[in-house]
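The residues making up each chain are set out below.
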Amino acid sequence: MFQFILRRVLPEGSNPADPQVRRRCGLAAGGIGVALNLTLFLGKLCAGALTGAISVTADAFNNLSDAAGSAVTLAGFKLASQRADERHPFGHGRIEYLAGLAVSLLILLVGVELGRGSLEKIFHPEETVLTPLAVCLLLASVAVKLWMGWFYAALGKRIDSSALGAAATDARSDVLATSAVLLGLLLSCFLHLQLDGW
């Protein structure tokens, strides 16, 4: 599926410097990102409600911010593909860099919010419940984010896009974050420790 999508958005012989090719790649990556991140948000929100874990709920909102980041990437590529005009004689290609910066700022904001929520749980711990459905949802999230990281990195490398490079890095960091959340839940369940906030 990975290669199929890459071939559809960037067919053999396409010029990665062509604004219309870049636009098509950016719109595909942004659309896929919005759809998958919204799906992950809903799944993790459900898992957070089932487990009562702030870490899972915070991870869900991380996916919601990733969906917003994908929308920013989508808008950035759409704007960057506009033709040169009087006010922008060299075109609008630099908007892509601003989209990458916006995604990076969203990542920082989510990090601060996750830290704040975690501190609250450290000082006021509550018991969490581990359910098979929650474990399956978190494992599926890890798999989806791994795929997204590979997809963004491959597409970003082929068209030399910093915005897609930032999205790939974010997807990889989400794999680590969700894995840590799952590990914390498992340890809390089997060792009876209050690790949710940590």
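Everything below is about the structure printed above this text.
In short, a report on the structure. (Residues numbered from 1 in each chain as written. Predicted model: local features only at pLDDT ≥ 70, side-chain atom pairs only at ≥ 80, totals over all residues. Heavy atoms only, no water.)

## Notes on the nonpolar core
Membership of the largest hydrophobic core comes to 20 residues, with the highest contact counts inside it found for Phe151, Tyr152 and Leu155. Only α1 (2–9), α2 (19–51), α5 (132–159) and α6 (162–191) provide two or more residues apiece to this core. Element by element, the count of residues in this core is highest for α5, at seven residues. Not counting residues up to four positions away in its chain, the partners in contact with leucine 155 are Leu6, Val9, Leu10, Cys25, Ala29 and Leu164. Ala53, Ala134, Leu138 and Val181 belong to the second largest nonpolar core, which has nine residues in total. (Core = buried A, V, L, I, M, F, W, Y, C linked by side-chain atoms within 4.5 Å. Buried < 20%, exposed > 50% of the residue type's maximum accessible area, 1.4 Å probe, protein only. Helix = DSSP H or I, 4+ residues; strand = E, 2+ residues; numbered from the N terminus. Contact = heavy atoms within 4.5 Å.)

## Let's talk about empty space enclosed by the protein
Taken as a whole and judged by the stated rule, the model has two cavities of 30 Å³ or more. The calculated volume of the largest cavity comes to roughly 80 Å³. Taken together, twelve residues form the lining of the largest cavity, with Asp66, Ser70, Tyr152, Ala167 and Asp170 sitting closest to its centre. Elements with a contribution of two residues or more to the lining of the largest cavity: α3 (54–80), α5 and α6. The element that contributes the greatest number of residues to the lining of the largest cavity is α3, accounting for four residues. Here the lining of the largest cavity is composed, by residue class, of five nonpolar, four polar and three charged. (1 Å grid on protein atoms, 1.4 Å probe; cavity = no way out; pocket = protein on both sides within 12 Å on 5 of 7 lines; lining within 4 Å. Points joined across faces, edges and corners; volume = space filled by probe spheres on them. Nonpolar A, V, L, I, M, F, W, Y, C, P; charged D, E, K, R; others polar.)

## Observations regarding the side chain of threonine 178
Its place among the elements puts threonine 178 in helix α6. Classification of threonine 178 by relative accessible area gives buried; the value is 0%. Engagement of the side chain of threonine 178 in a polar contact is seen with the side chain of lysine 44, the distance being 3.0 Å. Contact partners of threonine 178, with chain neighbours within four places excluded, come to Lys44, Asp59, Leu138, Ser141 and Val142. (Polar contact = N/O pair within 3.5 Å; in protein donor to acceptor, adjacent residues only side chain to side chain.)

## Considerations on the packing of aromatic side chains
For the coordinates displayed, the defined rule picks out three aromatic pairs. One aromatic cluster in this structure is built from Trp147, Phe151 and Tyr152. (Phe/Tyr/Trp six-rings, centres within 6.5 Å; stacked < 30°, edge-to-face > 60°.)

## Re the pattern of salt bridges
Enumeration over the complete set of coordinates arrives at three salt bridges. In this structure, aspartate 59 engages lysine 44 in a salt bridge whose closest nitrogen and oxygen atoms are separated by 2.9 Å. Taken together, the positions of aspartate 59 in helix α3 and lysine 44 in helix α2 put the pair 15 residues apart, joining distant regions of the chain. Looking at lysine 44, the relative accessible area reads 1%, which means it is buried. When the shortest N-O distance is used, the salt bridge between aspartate 66 and lysine 145 registers 3.0 Å. (Salt bridge = Lys/Arg side-chain N within 4 Å of Asp/Glu carboxyl O.)

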